[in-house]
Amino acid sequence: MAKVKLHRCSWTFLHTEIDACWRVQKALDEQGVEYEVVKHGFGKGKRPSVEGLSGQSKLPVLELQDGEVYREESKEMAARIRAGHI
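Before going into details, it helps to say that this report is about the structure given with it. (Residues numbered from 1 in each chain as written. Predicted model: local features only at pLDDT ≥ 70, side-chain atom pairs only at ≥ 80, totals over all residues. Heavy atoms only, no water.)

In terms of regular secondary structure, the protein chain is built from three helices and four strands. Start at the N end of the protein chain and walk to the C end: the helices and strands fall as β-α-β-α-β-β-α. By residue count, 36% of the 86 residues in the protein chain fall in the buried class. Excluding contacts between residues fewer than 6 apart, the proportion of contacts in the protein chain whose partners are at least 24 apart in sequence is 53%. (Helix = DSSP H or I, 4+ residues; strand = E, 2+ residues; numbered from the N terminus. Buried < 20%, exposed > 50% of the residue type's maximum accessible area, 1.4 Å probe, protein only. Contact = heavy atoms within 4.5 Å.)

What follows is the structure, given as structure tokens:
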């Protein structure tokens, strides 16, 4: 079973640093963190399931094994992952 769930946009395929979801996924990969991808719809519209999880509609969101839900700006999320705090 994956340690975390990465809730990200469905269209993360360009693999560039301007893509917030890719930035966090890349950091997880670099650190060898086991994760499951949970894709959410296109665009930046309403995302009821994400809002229910994190209280906002923005992605990415990490759902940790202990049930903690973590959401910040992607650069801060990637830095926390690289620092070994995920």
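Moving on from the model shown.
As a further point, take the nonpolar core. Counting 13 residues, the largest nonpolar core has L6, V24, L28, L62 and I81 as the members making the most contacts within it. Aside from chain neighbours lying at most four places away, what touches L28 is L6, V33, Y35, L62, I81 and I86. Ranked by size, the runner-up nonpolar core spans five residues in total, among them C9, C21, V50 and V61. (Core = buried A, V, L, I, M, F, W, Y, C linked by side-chain atoms within 4.5 Å.)

Per the counting criterion, the structure on display carries two salt bridges. The shortest N-O distance in the salt bridge between E30 and R82 comes to 2.7 Å. Residue E30 is found in helix α1 (residues 20-31), and its partner R82 is found in helix α3 (residues 74-82); the two are separated by 52 residues along the sequence. You can call E30 partly exposed: its relative accessible area is 43%. Residue class for R82 comes out partly exposed when judged on its relative accessible area of 36%. Ionic pairing is found between R80 and E68, a salt bridge with its closest N-O pair at 3.9 Å. Here E68 lies in the loop between β3 (61-64) and β4 (69-70) and R80 lies in helix α3, a separation of twelve residues in the sequence. (Salt bridge = Lys/Arg side-chain N within 4 Å of Asp/Glu carboxyl O.)

Right, let's get into the packing of aromatic side chains. A complete count under the given rule lists zero aromatic pairs for this structure. The side chain of R80 reaches across the aromatic face of Y70, ending 4.2 Å from its centre. (Phe/Tyr/Trp six-rings, centres within 6.5 Å; stacked < 30°, edge-to-face > 60°. Lys NZ or Arg CZ within 6 Å of the ring centre and 35° of its normal.)

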